[in-house]
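What follows is the residue order along each chain.
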Amino acid sequence: KNEVEQSPQNLTAQEGEFITINCSYSVGISALHWLQQHPGGGIVSLFMLSSGKKKHGRLIATINIQEKHSSLHITASHPRDSAVYICAVDSGGGADGLTFGKGTHLIIQP
Amino acid sequence: DAEITQSPRHKITETGRQVTLACHQTWNHNNMFWYRQDLGHGLRLIHYSYGVQDTNKGEVSDGYSVSRSNTEDLPLTLESAASSQTSVYFCASSEHNRRYTGELFFGEGSRLTVL
């Protein structure tokens, strides 16, 4: 089973700061997901990537397959970005090949 | 717009009672999943289905069952609720095949408390 580690576990930053959340995994994967969960809310898929970089608005996700590492960056952070960010890796082979990290709790203060 | 809905959103029940959590998706996805979310753990897979009449056990399936009689619905049943099943439950769906999960679409979650 893939081991997924996210860092930091908790992050508090000021509005406007550049944010980086990291995800490392132990076994080769077919894809990596970044998810967002607002307090008391549902879970939303932000990115699914298997190589390189993807960008959506102020969010950027990168992955380095050789180093088994991915980062999620938020530029010009805003209080509405406050949420838990979850990394999940797909080792292939079906639904039980998907392993979730414990999440990074981000708070952006005005 | 297509969506995935869960009901009830909140439920309080007593130990030993049977509980069913509903999940309905209008994405026409083949794959459907049930996860539980607890403090200190990542999302953990309870049961999943790749299509009608197909169901499979996940990592934490003991005490739970599912059935898939149509594409849209995957109800989760707790046969005899236990306090250890107090959790937030998420249903999800995706359109990909058995090898790759694909992009996941989640419901809003169902918070279950077993007293």
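Everything below is about the structure printed above this text.
Residues numbered from 1 in each chain as written. Chains lettered and ligands numbered in written order. Predicted model: local features only at pLDDT ≥ 70, side-chain atom pairs only at ≥ 80, totals over all residues. Heavy atoms only, no water.

Enquirer: Quick one: what's the story with the layout of surface pockets, residue by residue and with numbers?
Expert: One number sums up the size of the largest pocket: a volume of about 730 Å³. Around the largest pocket, the lining comprises 31 residues; the ones closest to its centre are Gln37 and Val84 of chain A together with Gln37, Asp38 and Leu39 of chain B. Taken together, the elements giving at least two residues each to the lining of the largest pocket come down to strand E9 (83–90) and strand E11 (104–109) of chain A together with strand E9 (87–94) and strand E11 (110–114) of chain B. For the lining of the largest pocket, the class distribution of residues is eight nonpolar, 18 polar and five charged. In this structure, the second largest pocket spans a volume of roughly 450 Å³. Along its surface, the second largest pocket is lined by 23 residues, and Lys1, Thr99, Phe100 and Lys102 of chain A together with Gly42 of chain B are the ones closest to its centre. Put simply, the parts of the chain that give the lining of the second largest pocket at least two residues each are strand E1 (4–7) and strand E10 (98–100) of chain A together with strand E5 (44–51) of chain B. Class assignment for the residues of the lining of the second largest pocket results in seven nonpolar, nine polar and seven charged. (1 Å grid on protein atoms, 1.4 Å probe; cavity = no way out; pocket = protein on both sides within 12 Å on 5 of 7 lines; lining within 4 Å. Points joined across faces, edges and corners; volume = space filled by probe spheres on them. Helix = DSSP H or I, 4+ residues; strand = E, 2+ residues; numbered from the N terminus. Nonpolar A, V, L, I, M, F, W, Y, C, P; charged D, E, K, R; others polar.)

Enquirer: Outline unusual backbone geometry, listing residues and values.
Expert: Excluding glycine, a negative phi dihedral is what most residues carry, and trans is how most peptide bonds are arranged. Omega for the peptide link from Ser7 of chain A to Pro8 of chain A comes to -10°, which places this bond in the cis form. Within the element layout of this structure, Pro8 of chain A appears in the loop between E1 and strand E2 (10–14). The omega torsion across Ser7 of chain B and Pro8 of chain B is -5°, close enough to zero to call that bond cis. Position of Pro8 of chain B relative to the elements: it lies in the loop between strand E1 (4–7) and strand E2 (10–13). Positive phi, close to 65°, is recorded for Asn28 of chain B, a residue that is not glycine. When you line up the elements, Asn28 of chain B lands in the loop between strand E3 (19–25) and strand E4 (31–37).

Enquirer: Lay out the pairing of strand E4 (residues 31–37) of chain A in plain terms, naming residues and giving numbers.
Expert: All names here are of chain A. With seven of seven residues buried, E4 lies mostly within the body of the structure. A two-sided burial pattern is seen for E4, the buried positions comprising Ala31, His33, Leu35 and Gln37 on one face and Leu32, Trp34 and Gln36 on the other. Relative to E9, E4 runs antiparallel, the two being bridged by seven bridges. Within the sheet, the bridge partner assigned to Leu32 lies in E9 and is Val89. Pairing geometry for E4 and strand E5 (residues 43–49), over six bridges, is antiparallel. Looking at E5, one finds that His33 is bridged to Met48. (Buried < 20%, exposed > 50% of the residue type's maximum accessible area, 1.4 Å probe, protein only. Pairing = 2+ DSSP bridges.)

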